[in-house]
Amino acid sequence: MMEFDLEYTLGLFPILLKYLGTTMEMALWGFVLALVLSLALAIVRVFRVPVIHWLAMLYISFFRGTPLLVQLFLLYYGLPQLFPIFVGMDAFTAAIVGLTLHFAAYMAESIRASIIGIHKSQMEAALSIGMSRYQAMQRIILPQAARIATPSLMNYFIDMIKSTSLAFTLGVAEIMGKAQMEASSSFKFFESFMAVALVYWVVVIFFTRLQHLLEVRLNRAY
C-alpha cells in the first residue's frame, strides 16, 4: 500500500500557482462578458420584447438544460465543422466563450428576478416625474436590483472559477490541466488532485470573504 507523499504535494503548489493566472483570466473574462449578456437578456425578458423575448427564452432553456462540458465540445470541436471561420479559434478563447454563454443563461434569470422584485411603484414614480423607461431602469431600478442580485452573481462567479477546470479537456494549460499532467507523469494521482483541490479551495475562500464584504457595504444604507 502506497503512503501519501506530503513532500511531493507541497512541491506541486509552486508549479500549480504559475497556472493560476490562466484560470483567473478565464473566469474574469467569462464573468464580465456573461454579466453584459445576462443583463441584456434579463431586460429583454422583463420588457417582453417581441420575437427577441422568445429567442432569449430558447437560449436560456438550451444553456441551462445542457452540460457545460457538452457546450464546450460543441463550440471547440463541432462549430468549426459547420462554420469554417471558427477553425482558427483557440482552446482558451473557446473556453471563455463557453463559460460566458453557459453562465449568462443562469445570471440572466437572477437579474430578471431582481428587477421584477423591485416594487412597480418605483417605475411609476420615475415615469410620473418625466423620466423615460430607459432612464428609470438606469437610475432607479437597476441600482436597487444590483444590490439584490449581488449575492447570487458572486456565487456564479465562484462557480465559474471552479468550472474553468473543464477547460483542460480542450487542451488549455490551467491549474487542473497541469495537475492532470503531473499526475500522469508521476502516477501520484491522489497527491496531485489533492494539491489542486486545495488551491481551488483557498481561492474560493478568498472570493467568498470578498463577497461578504461587498454585501455588507451594499446593505449599509439599509
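Residues numbered from 1 in each chain as written. Predicted model: local features only at pLDDT ≥ 70, side-chain atom pairs only at ≥ 80, totals over all residues. Heavy atoms only, no water.

- Under an unreviewed UniProt entry, the name given to the protein chain is Probable amino-acid ABC transporter permease protein YckJ, and the source organism is Aeromonas hydrophila subsp. hydrophila.
- According to UniProt, the comment filed for the protein chain under the heading Sequence similarities (unreviewed entry) is "Belongs to the binding-protein-dependent transport system permease family. HisMQ subfamily." (UniProt positions renumbered as here; feature names shortened; annotations may be inferred.)

1. Observations regarding the overall build of the protein chain
- Helices and strands together make up the secondary structure of the protein chain, namely nine helices and zero strands.
- Written out in order from the N terminus, the α and β elements of the protein chain read α-α-α-α-α-α-α-α-α.
- Here the C-alpha coordinates of the protein chain stretch approximately 75 × 50 × 25 Å along the principal axes.
- Relative to its full complement of 222 residues, the protein chain shows a buried share of 39%. (Helix = DSSP H or I, 4+ residues; strand = E, 2+ residues; numbered from the N terminus. Buried < 20%, exposed > 50% of the residue type's maximum accessible area, 1.4 Å probe, protein only.)

2. Observations regarding the UniProt feature "transmembrane region" (unreviewed entry) in the protein chain
- Within the UniProt annotation, "transmembrane region" (unreviewed entry) is assigned to residues 26-47, 54-77, 83-106 and 189-210.
- Taken as a whole, residues 26-47 contains 95% helix and 0% strand, while its terminal C-alpha atoms sit 32 Å from one another.
- With 67% helix and 0% strand, the stretch residues 83-106 has end C-alpha atoms that lie 27 Å from each other.

3. What to know about unusual backbone geometry
- Here arginine 48, not a glycine, exhibits a phi torsion of approximately 50°, which is positive.
- Secondary-structure assignment places arginine 48 in the loop between helix H2 (20-46) and helix H3 (52-65).

4. Focus: the packing of H2 against H3
- For the pair H2 and H3, the least separation of the axes is 9 Å and the interaxial angle reads 130°. Taken together, H2 and H3 sit at an angle that is classed as oblique. The two elements H2 and H3 cross, and the hand of that crossing is left-handed. Facing H2, whose interface residues are Leu37, Leu41, Val44 and Arg45, H3 presents Ile52, His53, Ala56, Met57, Tyr59 and Ile60.
- Partitioned by chemical class, the residues of the contact of H2 with H3 number eight nonpolar, one polar and one charged. (Axes fitted to C-alpha atoms, helices over the stretch in contact; angles between N-to-C directions. Parallel < 35°, antiparallel > 145°, perpendicular 65-115°, else oblique. Left-handed = near helix turned anticlockwise from the far one by under 90°. Contact = heavy atoms within 4.5 Å. Nonpolar A, V, L, I, M, F, W, Y, C, P; charged D, E, K, R; others polar.)

5. Focus: the packing of aromatic side chains
- Counted under the stated rule, the structure contains 12 aromatic pairs.
- Ring centres 5.6 Å apart and planes at 80° place the aromatic pair phenylalanine 4 and phenylalanine 190 in the edge-to-face group. A residue pair is termed long-range when its members are at least 10 positions apart, and phenylalanine 4 in the segment before helix H1 (6-17) and phenylalanine 190 in helix H9 (residues 189-219) qualify at 186 residues.
- Residue phenylalanine 190 is classed as exposed on the basis of its relative accessible area, which comes to 54%.
- What links up through ring pairs into an aromatic cluster is the set Phe31, Phe157, Phe206 and Phe207.
- Positioned above the aromatic ring of tyrosine 8 is the side chain of lysine 188, whose terminal nitrogen or guanidinium carbon lies 5.8 Å from the ring centre. (Phe/Tyr/Trp six-rings, centres within 6.5 Å; stacked < 30°, edge-to-face > 60°. Lys NZ or Arg CZ within 6 Å of the ring centre and 35° of its normal.)

6. Observations regarding H9
- Taking 1.5 Å per residue as the helical rise, H9 with its 31 residues ought to reach 45 Å, and the 44 Å between its terminal C-alpha atoms agrees with that figure.
- Burial in H9 covers these residues: Glu191, Ser192, Ala195, Val196, Val199, Tyr200, Val203, Val204, Phe207 and Gln211.
- Buried residues in H9 make contact with H1, H2, helix H7 (133-163) and helix H8 (175-186). (Expected span 1.5 Å × (residues − 1).)

7. Here's the deal with helix H5 (residues 91-116)
- With 26 residues, H5 should cover 38 Å at 1.5 Å per step; its first-to-last C-alpha distance of 38 Å lies within 8% of that length.
- Where H5 bends most, at alanine 104, the angle is about 30°.
- Residue aspartate 90 occupies the N-cap position of H5, its side-chain oxygen lying 3.1 Å from the main-chain nitrogen of phenylalanine 92. (Bend = angle between axes of the 7 residues up to and from the residue. Polar contact = N/O pair within 3.5 Å; in protein donor to acceptor, adjacent residues only side chain to side chain.)

8. A closer look at the nonpolar core
- Membership of the largest hydrophobic core comes to 58 residues, with the highest contact counts inside it found for Met24, Met26, Tyr59, Phe157, Ile161, Val196 and Phe207.
- The element that contributes the greatest number of residues to this core is H5, accounting for 12 residues.
- Sequence-distant contacts of phenylalanine 157, that is, excluding residues within four places in its chain, are made with Met24, Ala27, Leu28, Phe31 and Phe207. (Core = buried A, V, L, I, M, F, W, Y, C linked by side-chain atoms within 4.5 Å.)

9. Topic: the pattern of salt bridges
- Following the criterion strictly, the structure yields four salt bridges and no others.
- Two residues, arginine 45 and glutamate 109, come together in a salt bridge whose shortest N-O distance is 2.8 Å. With arginine 45 in helix H2 and glutamate 109 in helix H5, this residue pair connects regions lying 64 residues apart in the sequence. Neither residue differs from the other here; arginine 45 and glutamate 109 are each classed as buried.
- A salt bridge links glutamate 109 to arginine 112; its shortest N-O distance comes to 3.3 Å. Linking glutamate 109 with arginine 112, this pair stays in helix H5, spanning three residues, or about one helical turn. (Salt bridge = Lys/Arg side-chain N within 4 Å of Asp/Glu carboxyl O.)

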